[in-house]
Amino acid sequence: MRMRHKKNLETRLEAVSDYLITLRNESKNFAEAKNERHLLDFSELFRNGNPVYLEIGGGKGGFAVAFAEQNPDKNILMVEKISDVIVVGCEKAKEKGLKNIKFASCAAEYLESFIPEKSIETLFLNFSCPYPKNTYENHRLTNERFLNIYKPLLKDGAPICQKTDNMHFFEYSIESFSKAGFIISDVSLDLHNSGFEGNIETEYEKKFASQGFPIYRLEARLK
């Protein structure tokens, strides 16, 4: 089903332009575009030298906004390719007057062109679409082709933190991380009953947890 454009979308995007950056390559062919370099200067973007955290596929920005609120000494960049969705997160951040959050309109396939190497403290993958049909496997954000994009962006020892409500996607992700050279740790098969501290719930997480679904979580680091 096609998503309907939100009313007055362009006007709303313009109103949050201080929070939103649009990242585009000259070539639309990923094989060519990944070699382009339009690297962000995080110290200029955030106007401070604080560490940068990255969330990919952040939707309406509930997690990223809460993270920014709770961690004023940290910066977070949320990546989302759907304008109808990302505008909501930008509006939340603007309403709260947050200074340590930015939103990037971009597909994850092109992040190597924009994110400097070894610049990310932690990468969050929260409730990514599981694409359950095998024919769409390479669209999953924990597919090996995406993991190879993330690798150079991470600081040494930096984790990828994944949360999902989908058991099969979680199992797939564990296998995918392992094949790509990551060490899996802090695995939880029922996050909300695990005693884990500091969890920031996303919109989807609240919905699924309220319906009794267990939330799965892991951390993955390069060897």
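All values reported here derive from a predicted model rather than from experimental measurement.

Conventions adopted
Residues numbered from 1 in each chain as written. Predicted model: local features only at pLDDT ≥ 70, side-chain atom pairs only at ≥ 80, totals over all residues. Heavy atoms only, no water. Core = buried A, V, L, I, M, F, W, Y, C linked by side-chain atoms within 4.5 Å. Buried < 20%, exposed > 50% of the residue type's maximum accessible area, 1.4 Å probe, protein only. Helix = DSSP H or I, 4+ residues; strand = E, 2+ residues; numbered from the N terminus. Contact = heavy atoms within 4.5 Å. Pairing = 2+ DSSP bridges. Axes fitted to C-alpha atoms, helices over the stretch in contact; angles between N-to-C directions.

## Notes on the nonpolar core
In this structure, Phe42, Ile56, Leu77, Leu111 and Tyr150 are the most contacted members of the largest nonpolar core, which totals 39 residues. Listing elements by their share of this core, those giving two or more residues are α3 (42-46), β2 (52-56), β3 (75-80), β5 (120-126), α6 (144-150), α7 (167-179) and β8 (216-222). When residues in this core are grouped by element, the largest group, four residues, is from α6. With sequence-adjacent residues up to four places away left out, Leu77 is seen in contact with Ile21, Leu40, Phe42, Phe46, Tyr53, Leu54, Glu55, Lys102, Phe103, Ala104 and Ile115. Formed by 25 residues, the second largest nonpolar core is a distinct cluster that contains Val16, Ala68, Met78 and Ile86.

## Some points on helix α4 (residues 62-70)
Extensive coverage of α4 is indicated by the burial of seven of its nine residues. Every buried residue belonging to α4 is among Gly62, Phe63, Ala64, Val65, Ala66, Phe67 and Ala68, and all of these are buried. Structurally, α4 contributes buried residues whose contacts are with β2, β3, α5 (83-96), β4 (101-105), β5 and α8 (203-210).

## Examining the sheet that holds strand β1 (residues 20-22)
Strand order in the open sheet made by the eight strands is β1-β4-β3-β2-β5-β6-β8-β7, with mixed pairing throughout. The sheet is open, and its two borders are formed by β1 and β7 (182-188), each paired with just one other strand. Ignoring which end each strand starts from, the neighbouring axes of this sheet average 20° apart. For strand β6 (residues 160-164) and β8, the ladder comprises five bridges, and the chain directions are antiparallel. For Cys161, the partnering residue across the bridge sits in β8 and is Glu219.

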